[in-house]
Amino acid sequence: MATATTVTAERENYLNASYGFRSWLLTTDHKRIALLYLISITFFFFIGGFFALLIRLELLTPQGDLVQADTYNKLFSMHGQVMIFFFLIPAVPAVLGNFLVPMMIGAKDLAFPRINLLSWYLFIIGGGLMLYTILTGGVDTGWTFYVPLSTAFLGTHVVLAAVSIFIAGFSSILTGLNFIVTIHRMRAPGMTWGRMPLFLWSNYATAIIQVLGTPVLAISLSLVGLERLFHLGVFNPQLGGDPLLFQHLFWFYSHPAVYIMILPGMGVVSEIIPCFSRKRVFGYEFVALASIGIAVLGFLVWAHHMFVAGISVYSAMVFSFFSYLVAVPSAIKVFNWTATMYKGKIYYTTPMLYAMGFIGLFTMGGMTGLFLASLGVDVHVTDTYFVVAHFHYIMVGGMVMAYLAGMHFWWPKITGRMYPEGWGRLAALTIFIGFNLTFFPQFILGWTGMPRRYHAYPAEFQVLNVLSTAGSTVLAVGYLLPMVYFLWSLRYGKEAGDNPWGAAGLEWKTTSPPPTYNFEETPVVTWEAYNYDDLPKEVPVVG
Amino acid sequence: MEHIVSAKIYFTVWAVLMCLTVTTAAVSYLDLGAFSIVVALIIATLKGSLVVLFFMHAKYINVKATLLVILAGFFWLIILLLMTMTDYITRAWS
Amino acid sequence: MSDSSEALATHELRHHFENMEQQSGASSMGMWVFLITEIMFFGGMFMAYLAYRYEYFTAWQEGSQHMDFWIGTVNTAVLICSSLTMAMAVLAIQQGRRRLTSIMLTITLCFAIAFLVLKGIEYHGHWLAHEFPGPSFHFAGIDPRHVEMFFVLYFVMTGFHALHVLIGIGLVSTMLYMNERGHFSADYHNPIENVGLYWHFVDLVWIYLYPLLYLIGHHHVG
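### Examining the overall build of chain C
Regarding its fold elements, chain C presents 7 helices and 0 strands. Taken from the N to the C terminus, the helices and strands of chain C come in the order α-α-α-α-α-α-α. The 222 residues of chain C split such that 61% are buried. When the accessible surface of chain C is summed, it comes to about 8100 Å², and 64% of that surface belongs to carbon and sulfur atoms. Each charge class in chain C was averaged separately, 8 positive and 17 negative side chains, and the resulting centres sit 6 Å apart.

Written out as structure tokens, the structure is:
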């Protein structure tokens, strides 16, 4: 295809290889499926965000004056369910993971491309049911579905919500299954486990959790459904059922689920920090094994969500002990990222700003998790805004920022275009400020006694609540900015080359956007990961 | 390349499984007290192991990762059962 | 004969795999990963069973006496036989013997259907004896509330198991159909192996359900 005329001759890539709805809706190309997921989860992010804004609006004043109590219960329940199951859980694995895992290991696609497409359709079906649940009144159980409230006392669409999440869970399982088999069986020649980018280790660890944890959520929700529909009351106290049994089964998944949410983000950070420090990751083996450590230890801590629910204090001590232990591998990662940056040549690009923000905010969130792991402190702050602040520091300050970091870092590879760097940095700063303004006051609110899931509160808490709501509007603006300039860049963004960041990794060795089969020839890997010593000291595209 | 298990092995396993089934049914009529469940689970695990090793070819898998997958599955089930029972068993201690 | 078998295999090689060995290996591993998700799914039910057995052992004994010992035992034998014939079906296709494969798959289906029929008879019996949980439940013996919980676990666990048997019937039937249409050979038969794995797993779950539900403390009868 010799075109000597235009510089921007359009080579065949995965985007222009075929056109039309069918070529997208029936695609088995992991890159196209990643984009299908991108559009879907972005949609749900805004739905979840919309509920968040309503919550913050209600909490501007001490009285419950915007909505009724039952409606408020629905707002925070739907906010949680949508954000967790339809945004956070799929975000990095299904978008960035789907796009990059085959490329990073030098394969043409995932092991099971059709199952990949099926996972997206399951996500859409689950999402559709969730939307229908919302439109017909939602549920007010909290995202946690505790029994006997969810089984015996509510007239809301508990079963519908449970089914939608069950189906979305299946989508998650299939993604994890695909990644496990792909990483084990489809690495390019020379790509040993020790040469894999840490993003792969993180997604592998995530996949382990998806595969082993999600089925227990599935059975928990099934049992709630069976009790509501068929009188098969496994948790029914009238038959000697134990509501705590539900909580054990629910949290057996839902605690590791938070690691499903954060591990891929850590993987993103592990790629970005070395690139913009122009240095190899410090302690590669430790970071890799820490990912596995988090996945395994994460399954041993779930009852720290139940310390005040009535479990035996001896059991609580065991879970408290493991909860302290699980912080260790996370801390190892933070040390290693920091050590990577030490004496590196730092470039403050948008992805780097988000990654650095991640390290700080995740550390704060993680540290406050240790406070919660302490039985004595937990009695005081559980079910208060302290917990809300803790998990939002990790999920939003950590995970969402890592997701944005990854989207900015790999945007050139995915689309072939650069986003406008000035706007990128502005948005990152706006998000950082908005985030801290929204959630830091909530730590204080929590330890001074404001309970969570209440739509009214004593007047003395108003000032901090107003600050928090103000912060949330800044945060909302910050999230809107990338929507605008990413779309803008598709048409007007500068064309990115194969490797605008001068980054290490197989994905940067192919064109931007990549061809449908990723590589012209199967690569043979003879070098270690993060070979920044062999790459240019300068980042080609800056500013 | 692909290991083919002989019909003879399959029939032998089948016969052992049938015998173990008769055994576990018969043993349930004995008064073993707290050991009843232990014996029943041991026999069930023997049966299960035969199914996994021979019918499901686990004995002949040469991909280590697949063996790791199988072990992980059972190990995680044990985590669920054991860790949850720490609550139920120790509730009476308080 | 082996030429067309290899041609079939080559035709079935998907483009993103380097060779058939990689594809088969990936396919088997994927199936096992799926099966461990099933272990955890049933695991939640076993957890419920374990917790309540620990708390209400007498009721568990009582409930177990009211199980249909003979249907349970025969069904256990039926599933073991079905596992044998399923394994023989895999053996047959490994040897390229298509007709024998179809015969073995058909016999497996017969056993599977027999299992469900017996299960249906069993459930019906419980229903007539007012042993289905809910408003119709009535138990004249000791500790009726907790015995009702035993029956809840019984119906939930065997119900989900029966659902998996039903799905298995669908899968085995599909394999039978595809085999009759000539889709499989000595060189290509991953789907049959994978369905085999699924089927044996269903047998495995029942191997544990049987003693846990049917065989608790018979010596207390009478």
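### Quick look at the interface of chain A and chain C
Listed by partner, the interface residues are 43 residues for chain A and 37 residues for chain C. Both faces combined, the contact of chain A with chain C buries some 3200 Å², and carbon together with sulfur accounts for 74% of it. Glu18(C) serves as the salt-bridge partner of Lys108(A), at 3.9 Å between the closest nitrogen and oxygen. Across the chain A-chain C interface, the total number found is 7 residue pairs in polar contact (both at pLDDT 80 or more).

### Observations concerning the interface of chain B and chain C
A common way to report how large an interface is uses the accessible area buried once the components associate. On the chain C side, the residues contacting the 46 residues of chain B number 45 residues. At the boundary of chain B with chain C, total buried surface from both sides reaches about 4100 Å², with 80% on carbon and sulfur atoms. Between chain B and chain C we count 0 salt bridges in total. Counting every contact that joins chain B to chain C gives 2 residue pairs in polar contact (both at pLDDT 80 or more). Secondary-structure elements contributing two or more residues to the side of chain B that touches chain C are α1 (7–27), α2 (35–55) and α3 (64–90) of chain B. In terms of residue class, the side of chain B that touches chain C is made up of 32 nonpolar, 11 polar and 3 charged.

### Description of the packing of helix α11 (residues 313–341) of chain A against helix α12 (residues 350–373) of chain A
Residue and element names in this part refer to chain A. One can describe the packing of α11 onto α12 by two numbers: an axis separation of 10 Å at closest approach and a directional angle of 160°. In terms of orientation, α11 lies roughly antiparallel with respect to α12. α12 is crossed by α11, and the crossing has left-handed handedness. Within the contact between the two elements, α11 uses Ser320, Ser323, Tyr324, Ala327, Ser330, Val334, Trp337 and Met341 and α12 uses Met352, Met356, Phe358, Ile359, Phe362, Thr363, Leu370 and Ala373. Its residues assigned to classes, the contact of α11 with α12 comprises 12 nonpolar, 4 polar and no charged.

### Considering unusual backbone geometry
Here Val147(A) and Pro148(A) are connected by a cis peptide whose omega angle stands at 0°. Position of Pro148(A) relative to the elements: it lies in the loop between α5 (113–135) and α6 (149–153). A cis amide bond links Ser512(A) with the next residue in sequence, Pro513(A), at an omega value of -10°. Turning to its location among the elements, Pro513(A) is positioned in the segment after α16 (462–492). Positive phi outside glycine occurs at His231(A), with the angle close to 60°. Positionally, His231(A) belongs in the loop between α8 (198–230) and α9 (243–275). In this structure, His57(B) is a non-glycine residue whose phi angle is positive, near 65°. Inspection of the secondary structure puts His57(B) in the loop between α2 and α3. For His57(B), a relative accessible area of 16% gives the class buried.

### Some remarks on the nonpolar core
Among soluble globular proteins, nonpolar side chains are generally buried collectively. Formed by 301 residues in total, the largest nonpolar core has its most connected members in Phe235(A), Leu245(A), Tyr403(A), Trp410(A), Trp501(A) and Trp60(C). Per element, the largest residue contribution to this core is 21 residues, and it comes from helix α14 (residues 385–415) of chain A.

### Focus: the pattern of salt bridges
By the definition in use, this model includes 8 salt bridges over all chains. When the shortest N-O distance is used, the salt bridge between Arg91(B) and Asp242(A) registers 3.0 Å. Here Asp242(A) lies in the loop between α8 and α9 and Arg91(B) lies in the segment after α3, a pairing that spans two chains. Between Lys345(A) and Glu538(A) there is a salt bridge, and its shortest N-O distance comes to 3.7 Å. Of this pair, Lys345(A) sits in the loop between α11 and α12 while Glu538(A) sits in the segment after α16, and the two are 193 residues apart along the sequence. Look at Lys345(A) and you get partly exposed, because its relative accessible area is 36%. A single salt-bridge network, built from bridges that share partners, covers Asp242(A), Asp87(B) and Arg91(B).

### Comments concerning empty space enclosed by the protein
Residues and elements named next belong to chain A. Under the definition given, this model contains 5 cavities of 30 Å³ or more. Quantified by volume, the largest cavity comes out at close to 120 Å³. Taken together, the residues that form the lining of the largest cavity break down as 9 nonpolar, 2 polar and 3 charged. In terms of lining, the second largest cavity is formed by Tyr37, Phe85, Ile89, Pro90, Pro93, Ala94, Phe123, Ala168, Ser171, Ser172, Thr175 and Gln210. Mapped by element, the contributors of at least two residues to the lining of the second largest cavity are α4 (91–105) and α7 (158–185). Broken down by element, the residue count for the lining of the second largest cavity peaks at 4 residues, all from α7. In the lining of the second largest cavity, the residues fall into 8 nonpolar, 4 polar and no charged.

### Here's the deal with the confidence of the model for chain C
Residues and elements named next belong to chain C. Mean pLDDT over chain C stands at 93; residues scoring 70 or higher make up 94%. Per-element confidence in chain C ranges from a low mean pLDDT of 67 for helix α1 (residues 2–12) to a high of 98 for helix α5 (residues 98–128). Model confidence for the complex is summarised by a pTM of 0.95, with the ipTM given as 0.94.

### Quick look at the confidence of the model for chain A
Scored by pLDDT, chain A comes out at a mean of 94, with 98% of its residues at no less than 70. Counting interchain partners and residues more than four positions distant, the pLDDT-below-50 stretch residues 1–8 of chain A has 4 contacts.

Criteria and cut-off values
Each chain has its residues counted from 1, running along the sequence as written. Chains carry letters from A onward and ligands carry numbers from 1 onward, assigned in written order. Two thresholds apply to this predicted model, a pLDDT of at least 70 for residue-level local features and 80 or more for giving and counting side-chain atom pairs, whereas whole-chain, interface and lining totals are computed over all residues. Here the side-chain values reflect all heavy atoms present in the structure, with hydrogen atoms and water set aside. Comment: elements are numbered from the N terminus, with helices defined as DSSP H or I runs of at least four residues and strands as E runs of at least two. A simple rule labels every residue: compare its accessible area, found with a 1.4 Å probe on the protein chains alone, to the largest value its type can have, and call it buried under 20%, exposed over 50%, or partly exposed in between. The method behind every accessible area is Shrake-Rupley, applied with a 1.4 Å probe, and residues are considered shielded solely by the protein chains displayed. Here Asp and Glu are counted as negative and Lys and Arg as positive; His is not counted, and neither are the chain ends. Every charge is mapped to an atom, namely NZ of Lys, CZ of Arg, CG of Asp or CD of Glu. Contacts: residue pairs with any heavy atoms within 4.5 Å of one another. Summed over both partners, the accessible surface that disappears when two parts come together, traced with a 1.4 Å probe, is what is meant by buried area. Salt bridges are identified by distance alone: a Lys or Arg side-chain nitrogen within 4 Å of an Asp or Glu carboxyl oxygen. Throughout this description, a polar contact denotes any pair of N or O atoms lying within 3.5 Å of each other; where both atoms belong to protein, one of them has to be capable of donating a hydrogen while the other can accept it, and for residues adjacent in sequence the pair is counted only when both atoms sit in side chains. Think of it as three bins: nonpolar holds Ala, Val, Leu, Ile, Met, Phe, Trp, Tyr, Cys and Pro, charged holds Asp, Glu, Lys and Arg, and polar takes everything else, Gly as well. Only the stretch in contact is used when a helix axis is fitted, and all axes are lines through C-alpha atoms; the angle between N-to-C directions ranges over 0 to 180 degrees. Each angle is binned into one of four classes, with values under 35 degrees roughly parallel, values over 145 roughly antiparallel, values of 65 to 115 roughly perpendicular, and all other values oblique. Handedness of a crossing is defined here by the sense of rotation of the near helix relative to the far one, left-handed for an anticlockwise turn of less than a right angle and right-handed for a clockwise turn. For the purposes of this section, nonpolar cores are sets of buried Ala, Val, Leu, Ile, Met, Phe, Trp, Tyr and Cys residues that join through side-chain atoms within 4.5 Å. Here the term cavity refers to a set of points on a 1 Å grid, laid over the protein atoms alone, in which a 1.4 Å probe fits but cannot get out; the term pocket refers to an open set having protein on both sides within 12 Å along at least five of seven lines, with lining residues being those that place an atom within 4 Å of a point. Grid points are joined across faces, edges and corners, and a volume is the space filled by probe spheres set on the points. For every residue, the predictor reports its confidence as pLDDT, a number between 0 and 100.

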